[in-house]
Amino acid sequence: MILEGTAHVYGDNIDTDRIIAGKYTKTLNMQELADHVFEDLDPDFRVKLKNGDILVAGNNFGCGSSREQAPLALKKAGVSIVIARSFARIFYRNAINIGLPILEINDHTISDKDQLKVNLSTGVVENLTTSEGYHGSEMPLVMIDIINDGGLVKYLKKRGTYQLT
Amino acid sequence: MGQTLVEKIISTHASKVTYQNEITIVDVDAVMASDTTAPLTIKSFEEMGGSQVWDPSKVIFVIDHAAPAPNERIANLHSLMRDFARNQGIKLYDVGSGICHQLMVENGHVKPGQLVLGADSHTCTYGALGAFATGVGSTDLAAVLLTGKTWIKVPPTIKIQLNGTLQPGVSAKDLILFIVGHLGIDGATYKAVEFTGEAIEALSFDSRLTIANMAIEMGAKAGFVDTVGLELPYEFNHIHPDEDAIYETVYTFDVSKLEPQVSIPHSPDNVKPISEVEGKVIQQAFLGSCTNGRLEDLHEAAKILEGKTIHPEVRFMVAAASNEVYLRALQDGTAETLVRAGATFLPSGCGPCVGTHLGVPGNDEGIISSTNRNFRGRMGNRNSNVYLGSPATVAASALFGKITNPTKLLKEEVK
């Protein structure tokens, strides 16, 4: 799958409280989550973000709570993929489980507003603005299977239980 | 080849010998979800085609994050949890019972050597009794409800050796804040942590829970606190790592000169010795949470506040970690001591810590809190400043209206 969009670049250690504050998490309405995503980090985020845009962060993105509302809010708001130098582990799993693509790239020089083209199958990112290329870290096969099936709900509907291929 | 604690426990649950970095499927002994995560878990479970959970006796729901319900929308989500629990025959702890992690331990839902998943990041708390316990999201948990299993990558382990004897007034919270400050907020990401040494062996069970609880604050998948000397109300086998277990890193600290520690806004790893923070004016003090809302913590605060009155410009709120803790604090006079000093008791739950309701601070206010996180906006207002400290530091600071070193008070009393 190829994703193309504008990068929105943020820093290190963006915690789940800043992705979606605890006070907004008590809902099953995904639009409400999306309406408040990144509110405490960047009040203009919802205005700037166009559907299909790419979120780029530094180290330890998604640290803190286990709340799956964090990746859900980003996905519903229109983020097509999150690229970070590293992810907090619960967020990493949650994103895959709900079908929000993520990519760990330790070394990149992406700037705000750069146009990116991501090949999800190879983990290769082309920076169309600077003509640079980056390569993401490999994922465990079970996670690739879950992404390819469209998230954990669809994975389990299809297979009934976990399979380690 | 020797095994770490996490390698041993995962091996038992995978029915084969495993070592770090292997990926395996494991049987899960128990799962827990709160009112932040259970509604999504129910939704995902139903979308997966689930009709009956794999083993109702192993599923626990707790209504604690916004309890009692602050509005009708949340009330309806609580109803959804109650209906599901009733229909499935699973245990639900309703409003006021207490905080999920305290209830899981207090009521024997988790035992040494078990593998437990909770849809809350502080599930790592149960590592204080030698269980492998880790936080997952709602959909991961729904998959366990369906299959009784999950997949897991066996984490490498960091060993933290704590030597020496703590000074009076310095507690487990100061120890773990010091370690989180040293390793950093991502210092143990994807890894397990084992805490050991004479400073750990001297700690009560309540204190060991505090240490394990904050392992997630350095990103750890699980935290294990040595069970040497630990007494539980039932027989259990102590599980120890093999002497030739392979660790990724070993840190050794002498903690005999450690002073109380305070985490300053807006990150739990932003830790300073209290001497560098003393005097910072606070308007609110909170004693409670899954980190420090246990009986021992209330006792520590009562020791400092006995016969005294808190500063007139401080709101001092206390929430026991469970109704059982609250009851004991009523029975032994601790609650009366705190209320006479000016404390307001809140229902046992998570509200103030996660900013869902109760005790939301005003703009520019300073808060000293016994909780585990001070991310921006954590207590419900992005324009407030949350400092984290031990129960003794919270009580001493409430007394003077500014961040205060509790060890000085204890020394004055000795004179």
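The structure we're discussing is the one just above.
Below, the structure is looked at part by part. Quick caveat: nothing in here was measured; it's all calculated off a predicted structure.

## Some details on the sheet that holds strand 2 (residues 30–34) of chain B
All names here are of chain B.
And step 1. The strand order across the open sheet formed by five strands is 4-3-2-5-6, and the pairing between neighbours is parallel. Two strands close off the open sheet at either side, each with one partner strand: strand 4 (91–93) and strand 6 (132–135). Shown here is a sheet whose adjacent strand axes are inclined to one another by a mean of 20 degrees, direction ignored.
And step 2. Packed on one face of the sheet, helix 5 (residues 138–147) meets strand 2, strand 3 (59–62) and strand 5 (115–119) and runs near 140 degrees to strand 2.

## So, the pattern of salt bridges
And step 1. Going through the model one piece at a time under the given rule, you end up with 23 salt bridges over all chains.
And step 2. Where Lys-158 of chain A meets Asp-149 of chain A, a salt bridge forms, and the shortest distance between an N and an O atom there is 2.9 Å.
And step 3. Overall, the relative accessible area of 13% leaves Asp-149 of chain A in the buried class.
And step 4. With a shortest N-O distance of 3.1 Å, Arg-86 of chain B and Asp-83 of chain B are connected by a salt bridge. A residue pair is termed a helical-turn pair when its members lie 3 or 4 positions apart in one helix, as Arg-86 of chain B and Asp-83 of chain B do in helix 3 (residues 72–88) at three residues.

## As for the pairing of strand 3 of chain B
Residues and elements named next belong to chain B.
And step 1. Residues Val-59 and Phe-61 of strand 3 are buried on one face, and the alternating residues Ile-60 and Val-62, pointing to the opposite face, are buried as well.
And step 2. The sheet contact formed by strand 2 and strand 3 spans four bridges and is parallel. Residue Val-31 lies in a different strand from strand 3, and its bridge partner there is Val-59.
And step 3. Assessed by its sense of winding, the connection that carries the chain from strand 2 through helix 2 (residues 38–47) to strand 3 is right-handed.
And step 4. For strand 3 and strand 4, the ladder comprises three bridges, and the chain directions are parallel. From the neighbouring strand, Ile-60 faces strand 4, where its bridge partner is Lys-91.
And step 5. For the segment spanning strand 3, helix 3 and strand 4, crossover handedness is right-handed.

## A look at the interface of chain A and chain B
And step 1. Taken together, the contact between chain A and chain B spans 46 residues of the former and 53 residues of the latter.
And step 2. Carbon and sulfur atoms supply 60% of the area that chain A and chain B bury against each other, a total of about 4000 Å² over both sides.
And step 3. Linking chain A with chain B are four salt bridges.
And step 4. Arg-378 of chain B serves as the salt-bridge partner of Asp-17 of chain A, at 3.0 Å between the closest nitrogen and oxygen.
And step 5. The tally of links from chain A across to chain B stands at 20 residue pairs in polar contact (both at pLDDT 80 or more).
And step 6. Every element with two or more residues in the side of chain A that touches chain B is listed here: helix 1 (16–19), helix 2 (30–36), helix 4 (69–77), helix 5 (89–98), helix 6 (141–149) and helix 7 (152–159) of chain A.
And step 7. For the side of chain A that touches chain B, the element with the most residues is helix 5 of chain A, which contributes seven residues.
And step 8. Within the side of chain A that touches chain B, the residues separate by chemical class into 18 nonpolar, 15 polar and 13 charged.

## Quick look at the packing of aromatic side chains
And step 1. Evaluation of the coordinates by the stated rule reveals 16 aromatic pairs over all chains.
And step 2. Ring centres of Phe-45 of chain B and Phe-84 of chain B lie 5.8 Å apart, and the angle between their planes is 85 degrees; on these two criteria the pair is classed as edge-to-face. Within this pair, whereas Phe-45 of chain B is found in helix 2, its partner Phe-84 of chain B is found in helix 3, the two being separated by 39 residues in sequence. For the pair Phe-45 of chain B and Phe-84 of chain B, a shared accessibility class is recorded, and that class is buried.
And step 3. With a centroid separation of 6.3 Å and 0 degrees between ring planes, the pair formed by Tyr-251 of chain B and Phe-253 of chain B is classed as stacked.
And step 4. A residue is classified by how much of its surface remains accessible, and Phe-253 of chain B, at 9% relative accessible area, is buried.
And step 5. Through a chain of ring-to-ring contacts, three or more aromatic side chains come together here, namely Phe-61, Phe-87, Phe-91 and Tyr-92 of chain A together with Tyr-190 of chain B.

Rules behind the numbers
Residues numbered from 1 in each chain as written. Chains lettered and ligands numbered in written order. Predicted model: local features only at pLDDT ≥ 70, side-chain atom pairs only at ≥ 80, totals over all residues. Heavy atoms only, no water. Pairing = 2+ DSSP bridges. Helix = DSSP H or I, 4+ residues; strand = E, 2+ residues; numbered from the N terminus. Axes fitted to C-alpha atoms, helices over the stretch in contact; angles between N-to-C directions. Contact = heavy atoms within 4.5 Å. Salt bridge = Lys/Arg side-chain N within 4 Å of Asp/Glu carboxyl O. Buried < 20%, exposed > 50% of the residue type's maximum accessible area, 1.4 Å probe, protein only. Right-handed = clockwise from strand over helix to strand, strands pointing away. Buried area = accessible area lost by both parts, 1.4 Å probe. Polar contact = N/O pair within 3.5 Å; in protein donor to acceptor, adjacent residues only side chain to side chain. Nonpolar A, V, L, I, M, F, W, Y, C, P; charged D, E, K, R; others polar. Phe/Tyr/Trp six-rings, centres within 6.5 Å; stacked < 30°, edge-to-face > 60°.

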